[in-house]
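# Breakdown of the fold
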Amino acid sequence: MTRAELQRLADEDLMPLVAREDPLAFEVFYDRHSGAAYSLAYRIVGSRTAAEDVTQEALLSIWRSGARYDRARGSVRAWTLGIVRNRAIDLLRKESGRSPKLAAGGEELIERSPAEELTDTEALRRETAREVRGAIKDLPDEQSRVIQLAYFGGFSHSEIAEMLNEPLGTVKGRMRLGMDKIRATLAEAW
Amino acid sequence: MIGDHPDRDDLVAYSLEALDPREVAAVEAHAPGCARCTRELEALVPAVAVLGESVEQFEPPPELRERVLAIVHEEAEAKQAELSGARSREEATTRRERRGLRGLLMRPAVGLAGLAIVGAGVGGYMVAEDTGNGGGGGGAETVPVVAQQGIGGTLAVADTSSMLDLHGLKQLTGREVYQVWVAHGTSVRPSSNFIPDSSGRAMTAVDGKLTPGTKVMVTREPHPGQTAPTSPVLLSAAVQ
């Protein structure tokens, strides 16, 4: 199959070819998802070099594992980002004794995406992401904080409760309220 | 028995992987058998997934693409070489068997001897894989590697490219790679580089014809692209 033909395939149809170790299919997969993977890794680990390492390890693990993607576990993008997140959180835990990078500092180190021609799917993804970013921003600080500590920091709710010196029930309730708002935003976006 | 429904707060925390291990076990013991909780967890999946996409988007550096795709292509080629090596060995065996049979039919007196040689040749290759003594099969020769730090493996030498099959390799960090070097006389050239899998195994192709006296070595390098070894040799295999 040519590159142009591969580029026309939906993610779900591309992954079986990656699983059959077709390097050209992996290139297309890389070009579609490496930006999101790298951005998430950078958000979690907070350094360009570590983000590169996490992205490389996560994407190569997909290549080497025969791309065991299962449609039941959501979209290819969500599955890929789940792998990236786990690698990044592992790195944080290994390296630090835990220091989540929750501030979006240091961005000047990285060039922003140049304007590019986006596929419809990618444009929709970015628009949804923009809306969710807005929704997270609009969340009350205490809700946004617990969600970010859990998702980007890899902390458990009891660790978060201890860190914020709040009762566990309060932390759990804030997580639920925040996630409900994000779900509502998503429902509107779709 | 699936127990009581977990608190909805716990389902949300579970979906964010924020529960403590005991609570995770409780949710996982209950939810698969409970339609209501399964529905709730499924409904949370897109909201959690989109968190990962909600971060500011940056362009990954082009060197990352080059590095990852170089490894992917190299591994795909190694696999291909491995497959075609196995095919050539199979074909060579078939050819020898056919020759042996034809010889047997045409020249009964020497046919039996020919067949015995074929058997010895194939057997020799197989024994070489086990013992590392080198093979007499003609298609490929397997050379044992001399290694340290618990590393082991073999080098299968074929006509146009060879294959290192290693185990016991330590995991790498950062941009580190294992680099293969080919030494002959006083000259040393870099060949492939590779990253082992999580169990410490790796197969990598060594390009070019390896003539007798050539030594294949592996070092651990801080990043790909070195033109000469910068760290001690971890293993070597000498082609006889």
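Residues numbered from 1 in each chain as written. Chains lettered and ligands numbered in written order. Predicted model: local features only at pLDDT ≥ 70, side-chain atom pairs only at ≥ 80, totals over all residues.

### Quick look at the overall build of chain B
A count of helical and extended segments in chain B gives five helices and nine strands. Reading the helices (α) and strands (β) of chain B from amino to carboxyl end gives α-α-α-α-α-β-β-β-β-β-β-β-β-β. The 240 residues of chain B split such that 32% are buried. Within chain B, contacts between residues separated by at least 24 positions form 50% of all contacts whose residues are at least 6 apart in sequence. (Helix = DSSP H or I, 4+ residues; strand = E, 2+ residues; numbered from the N terminus. Buried ≥ 20, exposed ≤ 12 C-beta atoms within 10 Å, placed from the backbone. Contact = placed C-beta atoms within 7 Å.)

### Section: the interface of chain A and chain B
On the chain B side, the residues contacting the 54 residues of chain A number 39 residues. Within the residue set of the side of chain A that touches chain B, elements represented by two or more residues are α3 (23–45), α4 (48–64), α5 (76–96), α6 (120–138), α7 (141–151), α8 (157–164) and α9 (168–189) of chain A. The element best represented in the side of chain A that touches chain B is α3 of chain A, accounting for twelve residues. A per-class count over the side of chain A that touches chain B returns 26 nonpolar, 13 polar and 15 charged. (Nonpolar A, V, L, I, M, F, W, Y, C, P; charged D, E, K, R; others polar.)

### Quick look at the sheet that holds strand β6 (residues 187–194) of chain B
All names here are of chain B. Sheet architecture is open: five strands sit in the order β2-β9-β8-β5-β6, paired in antiparallel fashion. The strands lining the two open edges of the sheet, one partner per strand, are β2 (146–147) and β6. Relative to strand β9 (residues 233–238), strand β8 (residues 215–221) is paired through five bridges, and the arrangement is antiparallel. Each residue of the ladder has a partner; that of Met217, found in β9, is Ser236. (Pairing = 2+ DSSP bridges.)

### Observations regarding the sheet that holds strand β4 (residues 161–167) of chain B
Residues and elements named next belong to chain B. Pairing in this open sheet of four strands is antiparallel, and the strands run β1-β3-β4-β7 from one edge to the other. The strands lining the two open edges of the sheet, one partner per strand, are β1 (141–144) and β7 (202–207). Taking the axes of each pair of neighbouring strands and ignoring which way they run, one obtains an average angle of 20° across the sheet. Two strands pair when backbone bridges link them, and β1 and strand β3 (residues 152–157) are joined in this way by four bridges, in the antiparallel orientation. (Axes fitted to C-alpha atoms, helices over the stretch in contact; angles between N-to-C directions.)

### Here we look at unusual backbone geometry
Residues and elements named next belong to chain A. Despite not being glycine, Glu21 shows a phi value in the positive range, around 65°. Take Glu21: it is sitting in the loop between α2 (11–19) and α3. For Glu21, a count of 17 C-beta atoms within 10 Å puts it in the partly exposed group.

### Details of α2 of chain A
Residue and element names in this part refer to chain A. All buried positions along α2 are accounted for by Leu14, Met15 and Val18. Burial along α2 is one-sided: seen end-on, the buried residues are contained in an arc of 105°. Seen from the buried face of α2, the exposed residues on the opposite side, beyond 90 degrees, are Glu12 and Asp13. Positioned one or two residues after α2, Glu21 has a phi angle of 65°, which is positive. (Arc of directions from axis to C-beta.)

### Observations concerning the confidence of the model for chain B
Should the pLDDT be low somewhere, the predicted coordinates at that spot are not to be read in detail. Residues and elements named next belong to chain B. This prediction gives chain B a mean pLDDT of 75; 75% of its residues lie at or above 70. When the elements of chain B are averaged for pLDDT, helix α5 (residues 108–131) gives the smallest value, 33, and helix α1 (residues 8–15) the largest, 93. Under a pLDDT of 50 for its full length, residues 101–138 has, in the predicted model, 45 contacts with residues more than four places off or in other chains. (pLDDT = per-residue confidence, 0-100.)

### A word on the pairing of β3 of chain B
Looking at chain direction, β3 of chain B and β4 of chain B are connected through five bridges and run antiparallel. When the sheet's bridge partners are listed, Ala156 of chain B is paired in β4 of chain B with Met163 of chain B.

### Re the nonpolar core
Counting 70 residues, the largest nonpolar core has Ala37, Ala41, Val45, Ala88, Ala150 and Met175 of chain A together with Leu16 of chain B as the members making the most contacts within it. Sort the elements by how many residues they give to this core and α3 of chain A lands first, with 13 residues. Leave out the neighbours within four places in its chain, and Ala37 of chain A touches Thr55, Ala58, Leu59, Thr80, Leu81 and Val84 of chain A. With 24 residues, the next largest nonpolar core counts Leu166, Tyr178, Phe194 and Val206 of chain B among its residues. (Core = buried A, V, L, I, M, F, W, Y, C linked by C-beta atoms within 7 Å.)

### Observations regarding the packing of α2 of chain A against α3 of chain A
Residue and element names in this part refer to chain A. At their nearest, the axes of α2 and α3 sit 8 Å apart, and the two run at 135° to each other. In terms of their interaxial angle, α2 and α3 are classed as oblique. By crossing handedness, the relation of α2 to α3 is classed as left-handed. Listed contacts from α3 to Asp11, Leu14, Leu17 and Val18 of α2 are Ala25, Phe26, Val28, Phe29 and Arg32. Residue composition of the contact of α2 with α3, grouped by class: seven nonpolar, no polar and two charged. (Parallel < 35°, antiparallel > 145°, perpendicular 65-115°, else oblique. Left-handed = near helix turned anticlockwise from the far one by under 90°.)

### Some details on the packing of α3 of chain A against α4 of chain A
Residues and elements named next belong to chain A. For the pair α3 and α4, the least separation of the axes is 8 Å and the interaxial angle reads 140°. The orientation of α3 relative to α4 falls into the category oblique. In the crossing of α3 with α4, the sense of the turn from one axis to the other is right-handed. Between α3, through Phe26, Tyr30, Ser34, Ala37, Tyr38, Ala41, Tyr42 and Val45, and α4, the contact on the second element is made entirely by Arg48, Ala50, Ala51, Val54, Thr55, Ala58, Leu59 and Trp63. Among the residues making up the contact of α3 with α4, the classes are represented as 13 nonpolar, two polar and one charged.

### Side note on the pairing of β6 of chain B
All names here are of chain B. Pairing analysis gives six bridges linking strand β5 (residues 177–184) to β6, with the strands arranged antiparallel. Considered in β6, the bridge of Ala183 is made with Val188. Hairpin connection from β5 to β6: two residues lie between these consecutive antiparallel strands, with Gly185 at a positive phi of about 60°.

### Brief notes about the environment of Ile62 of chain A
Mapped onto the elements of the fold, Ile62 of chain A is located in helix α4. On a C-alpha basis, the gap between Ile62 of chain A and Ala19 of chain A in space is 8.6 Å, while along the polypeptide they are 43 residues apart.

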